[in-house]
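Residues per chain, in single letters:
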Amino acid sequence: MSRMSWIPVAVLLVTLGACASSSQERMRKPPVDRQLITAAELEGAQWPSMFEAISAMRGAWLTKRGPVSFSGGGDIVVYLDRNRLGGPDSLRSIPCDMIASARLLSAPDAQSHFGMDHPYGAIVMVSRKR
């Protein structure tokens, strides 16, 4: 066979390969937002509180990251319905079934939303409407 007769075959193979990969991509689950926990993820949770749920599902949220402040203080700040609750230990008093969503904010995002005293970010939760 001459080189010219191989060109249509090569084009056909490339086209079929592209179609196969796009159908596989459509079958994949959408990526999980690692900065968000939804009510669906908490549905039927066996954890007694949000502290245990976050520890199990997104343990990195409870790890301090960011610059060390000159005062040496600070912690991850927890909010529920835009009310400041305190540090991560305040999550122990919040049952999973009352939360619609929880989101981790980085230090810069938390500082722009809530002020400069968030050197390690914030966990912002929204309660379910009852």
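Residues numbered from 1 in each chain as written. Predicted model: local features only at pLDDT ≥ 70, side-chain atom pairs only at ≥ 80, totals over all residues. Heavy atoms only, no water.

Novice: Describe the nonpolar core, with residues and values.
Specialist: Core analysis: the largest hydrophobic core is formed by 20 residues, its most contacted members being Leu 42, Met 50, Leu 91, Ile 123 and Met 125. Of all elements in the fold, only helix H3 (50–57), strand E2 (77–80), strand E4 (99–105) and strand E5 (122–127) reach the threshold of two or more residues within this core. Among the elements that make up this core, the one with the highest residue count is H3 (5 residues). Residues Val 77, Leu 105, Ala 110 and Phe 114 belong to the second largest nonpolar core, which totals 7 residues. (Core = buried A, V, L, I, M, F, W, Y, C linked by side-chain atoms within 4.5 Å. Buried < 20%, exposed > 50% of the residue type's maximum accessible area, 1.4 Å probe, protein only. Helix = DSSP H or I, 4+ residues; strand = E, 2+ residues; numbered from the N terminus.)

Novice: Quick one: what's the story with unusual backbone geometry, residue by residue and with numbers?
Specialist: Look at Asp 81: it is not a glycine, yet its phi comes out positive at around 50°. Backbone geometry places Arg 82, a non-glycine residue, at a positive phi of 65°. Position of Arg 82 relative to the elements: it lies in the loop between E2 and strand E3 (83–86).

Novice: Tell me about the sheet that holds E5, residues and numbers included.
Specialist: Pairing is mixed across the open sheet formed by 5 strands, whose spatial order is E1-E4-E5-E2-E3. Of all the strands in the sheet, just strand E1 (36–38) and E3 have a single pairing partner and so form its edges. The mean inter-strand angle of the sheet, taken between neighbouring strand axes irrespective of direction, is 20°. (Pairing = 2+ DSSP bridges. Axes fitted to C-alpha atoms, helices over the stretch in contact; angles between N-to-C directions.)

Novice: Summarise the side chain of His 118; cite the residues concerned and give the values.
Specialist: Within the fold, His 118 resides in the loop between helix H4 (107–114) and E5. Exposure remark for His 118: the relative accessible area of 0% places this residue in the buried category. A polar side-chain atom of His 118 sits 3.1 Å from a polar atom in the side chain of Asp 117. In contact with His 118, not counting residues within four places along its chain, are Val 77, Tyr 79, Arg 84, Ala 107, Ala 110 and Gln 111. (Polar contact = N/O pair within 3.5 Å; in protein donor to acceptor, adjacent residues only side chain to side chain. Contact = heavy atoms within 4.5 Å.)

Novice: Got a sec to walk through the pattern of salt bridges? Specific residues and values, please.
Specialist: Any two side chains of opposite charge can pair, on the condition that their charged atoms come close. Taken as a whole and assessed by the stated rule, the structure comprises 6 salt bridges. When the shortest N-O distance is used, the salt bridge between Arg 103 and Asp 33 registers 3.4 Å. Here Arg 103 is found in strand E4, whereas its partner Asp 33 is found in the loop between helix H1 (3–27) and E1, with 70 residues between them in sequence. We classify Arg 103 as partly exposed; its relative accessible area is 33%. Of the charged contacts, one joins Glu 52 and Arg 92 as a salt bridge, the two residues approaching to 3.7 Å between their closest N and O atoms. Of this pair, Glu 52 sits in helix H3 while Arg 92 sits in the loop between E3 and E4, and the two are 40 residues apart along the sequence. Owing to a relative accessible area of 25%, Glu 52 belongs among the partly exposed residues under this scheme. Through salt bridges with shared partners, a single ionic network connects Glu 52, Asp 89 and Arg 92. (Salt bridge = Lys/Arg side-chain N within 4 Å of Asp/Glu carboxyl O.)

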